[in-house]
Amino acid sequence: MNIDGKLTAKKLRSELAVEVAELKSSCGIQPKLTVILVGEDPASQVYVKNKIKQTQEIGMISDVIKLPINTEQDELLGYLARLNNDANIHGILVQLPLPKHIDESVIISAISPDKDVDGFHAMNSGRLFNGDSGALIPCTPQGCIILAKQHLGNDLSGLHAVVIGRSNIVGKPVSMLLLQENCTVTIAHSRTKDLASICRQADILVAAVGIAKFVKVDWVKAGATVIDVGINRISTDDGGTKLVGDVDYDSVVDKCAAITPVPGGVGPMTIACLLKNTLAAAKRSVH
Ligand code: NAD
């Protein structure tokens, strides 16, 4: 069966909308997200547009600062310093990827950790690693856990989770979250030997690789829960293109107990969790 990320994200957004209204009426605070977009990458423009739209739909304020592709790193740092000091802004997001002449790690470290709603700042990674409840947790990994629990219930204790991928954005943080949920976690990556047999042990299999249909049916244990993070655009026979995940969905769907489809699985959860982080940052700013 499918785990419906679209519906789950919609439910989460309506719950958040209620909390946003409550925060406004009780404390007079309306959460605000500011996004910085450097350059005109078409995919980034779409992502930013969706983030702004969904923020506003649940009653938050959001705006976007659009900067030309030749913006200097120091200029961008200047913007971040101003946003960090603006008490009316609770969440700051710099849309990645940045142009090559800008060092992403310098920019991420310059965002105030308390406003880092992407959860990429080292302070937030450290908090996540320490199991500190004050961490702003990267959005896609948060979405993966919500979707796994959607099928398995809230108690994931003792389940064997195999995560394929060790990126700072998905693989590592989702592994930390699964560990916090008392799973036994195996992190597999490009140098892992006998990946198929490791995947076959998984009660929860998270694929965050970036290779279309990489995970084959014989890698999946019958009855497993499969969380497919991948978003890959492939050509179709009629000359068009379509999005597929990192899992060979058509063959795996009948063997596993539940799987997140692509599109409509993890993807919609990412922005919903961004809204969740922005609300959390706004709430914390009250104290
Ligand atoms: P990445 O390129 O940073 O990391 C990929 C990981 O896969 C690496 O850690 C690497 O070790 C591992 N890998 C590569 N080849 C492998 C192989 N042959 N065997 C085993 N492991 C291998 O990618 P990422 O940023 O973590 O993203 C992964 C996928 O998730 C991409 O398709 C990306 O588009 C997608 N993604 C989706 C969302 C979302 O909102 N749904 C968000 C972020 C990323």
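Residues numbered from 1 in each chain as written. Predicted model: local features only at pLDDT ≥ 70, side-chain atom pairs only at ≥ 80, totals over all residues. Heavy atoms only, no water.

### A closer look at unusual backbone geometry
Most peptide bonds take the trans form, and the phi angle of most residues other than glycine is negative. Applicable threshold: What counts as a helix is a DSSP run of H or I of at least four residues, what counts as a strand is a run of E of at least two, and both are numbered from the N terminus.
Here the residue pair Leu 96 and Pro 97 is connected by a cis peptide bond, since its omega of 0° sits within 30 degrees of zero. Along the chain, the position of Pro 97 falls in the loop between strand S3 (91–94) and helix H4 (104–110). Between Val 262 and Pro 263 the backbone carries a cis peptide bond, its omega angle lying at 0°. A positive phi is found at Asp 194, a non-glycine position, where the angle reads about 55°. Structurally, Asp 194 is set in the loop between strand S5 (184–188) and helix H8 (195–199). The phi torsion at Lys 213 lies on the positive side, around 55°, for a residue other than glycine. Along the polypeptide, Lys 213 turns up in the loop between strand S6 (204–207) and strand S7 (225–228).

### Quick word on the site of the ligand
Selection criterion: One heavy atom within 4 Å of a molecule or strand makes the whole residue count as near it. Definition of a polar contact: a pair of N or O atoms within 3.5 Å, with one able to donate and the other able to accept a hydrogen when the atoms are protein atoms, and with sequence-neighbouring residues admitted only if both atoms are side-chain atoms. Reported accessibility uses the Shrake-Rupley method at a 1.4 Å probe radius. Residues are deemed covered only where the shown protein chains occlude them. Just so you know the grouping, Ala, Val, Leu, Ile, Met, Phe, Trp, Tyr, Cys and Pro go in nonpolar, Asp, Glu, Lys and Arg go in charged, and all remaining residues, Gly too, go in polar.
By nearness alone, 21 residues border the ligand, and Arg 166, Ser 167, His 189, Ile 231 and Thr 270 come closest of all. Between the ligand and Arg 166, the relevant distance is 2.8 Å, taken from an oxygen atom to a main-chain nitrogen or oxygen of the residue. Separating an oxygen atom of the ligand from a side-chain N or O atom of Thr 270 is a distance of 2.8 Å. Protein contact buries 70% of the 850 Å² of open area that the ligand shows by itself. The greatest single-element share of the shell around the ligand, amounting to 3 residues, is contributed by helix H10 (residues 266–285). Along the lines of polarity and charge, the residues of the shell around the ligand split into 10 nonpolar, 10 polar and 1 charged.

### Quick notes on the pairing of S3
As a reminder, the rule being used: Each residue's exposure class comes from its accessible area (1.4 Å probe, protein chains only) as a fraction of the maximum for that residue type: buried when under 20%, exposed when over 50%, partly exposed otherwise. Think of it this way: DSSP has to see at least two bridges between two strands before they count as a pair.
Residue alternation in S3 divides its side chains into two sets, Gly 91 and Leu 93 and Ile 92 and Val 94, and both sets are buried. Bridge count between strand S1 (residues 32–38) and S3: 4 bridges; the pairing is parallel. If you follow Ile 36 over to S3, its bridge partner there is Val 94.

### Concerning the domain arrangement of the protein chain
Basically, it comes down to this: All the domain ranges listed were derived from an automatic or database domain assignment.
The domain boundaries assigned to the protein chain delineate domain 1 (27–112) and domain 2 (139–267). Taking only C-alpha atoms, the centre of domain 1 and the centre of domain 2 are 29 Å apart.

### Points about the packing of helix H6 (residues 139–152) against H10
Angle between the axes and distance between the axes: these two values describe a pair of packed helices. We apply this condition: To obtain each axis, a line is fitted to C-alpha atoms, and for helices this fit is confined to the stretch in contact; angles are then taken between N-to-C directions over 0 to 180 degrees. Roughly parallel covers angles under 35 degrees, roughly antiparallel covers those over 145, roughly perpendicular covers 65 to 115, and oblique covers all other angles. Crossing handedness follows the turn of the near helix against the far one: under a right angle anticlockwise gives a left-handed crossing, and clockwise gives a right-handed one. In what follows, residue pairs with any heavy atoms lying within 4.5 Å of each other are defined as contacts.
Interaxial distance between H6 and H10 falls to 7 Å at its minimum, and their mutual angle equals 110°. Between H6 and H10, the angle falls in the class roughly perpendicular. Relative to H10, the crossing made by H6 is right-handed. Where H6 approaches H10, its residues Cys 139, Thr 140, Gln 142, Gly 143, Cys 144, Ile 146 and Leu 147 are matched on the opposing element by Val 266, Met 269, Thr 270, Cys 273, Leu 274, Lys 276 and Asn 277. Taken together, the residues that form the contact of H6 with H10 break down as 8 nonpolar, 5 polar and 1 charged.

### Considering the sheet that holds strand S2 (residues 61–67)
Two strands in a sheet stick together by hydrogen bonds in their backbones, pointing the same way (parallel) or opposite ways (antiparallel). In spatial order, the strands read S2-S1-S3; together these 3 strands make up an open sheet with parallel pairing. Two strands lie at the open edges of the sheet, namely S2 and S3, each paired on one side alone. Strand-to-strand twist across the sheet, computed as the mean angle between neighbouring axes with direction ignored, equals 15°. In this sheet, S2 lies alongside S1 in parallel orientation, the contact comprising 7 bridges. Paired with Ile 36 across the strands is Ile 65, a residue of S2. Packing against the sheet, helix H3 (residues 73–85) makes contact with S1, S2 and S3, and its axis sits at approximately 180° to S1.

### Things to note about the pattern of salt bridges
Threshold: Within this document, salt bridges are pairs made up of a side-chain nitrogen of Lys or Arg and a carboxyl oxygen of Asp or Glu, the two lying within 4 Å of each other.
Inspection of the entire model under this criterion finds 6 salt bridges. Between Lys 283 and Glu 19 there is a salt bridge whose closest N-O contact spans 2.4 Å. Remark: Glu 19 occurs in helix H1 (residues 5–27) and Lys 283 occurs in helix H10; sequence separation between them is 264 residues. Looking at Glu 19, the relative accessible area reads 28%, which means it is partly exposed. A salt bridge links Lys 53 to Glu 57, with the nearest nitrogen and oxygen atoms 3.4 Å apart. In this pair, Lys 53 and Glu 57 are both assigned in helix H2 (residues 42–57), 4 residues apart and thus about one turn of the helix distant.

### Structural notes on the pairing of S6
Where burial is concerned, the two faces of S6 agree: the one with Ile 204 and Val 206 and the one with Leu 205 and Ala 207 are both buried. In terms of strand pairing, strand S4 (residues 160–164) meets S6 through 4 bridges, oriented parallel. Directly across from Val 162, in S6, lies its bridge partner Leu 205. Relative to S7, S6 runs parallel, the two sharing 4 bridges. Paired with Val 206 across the bridge in S7 is Ile 227.

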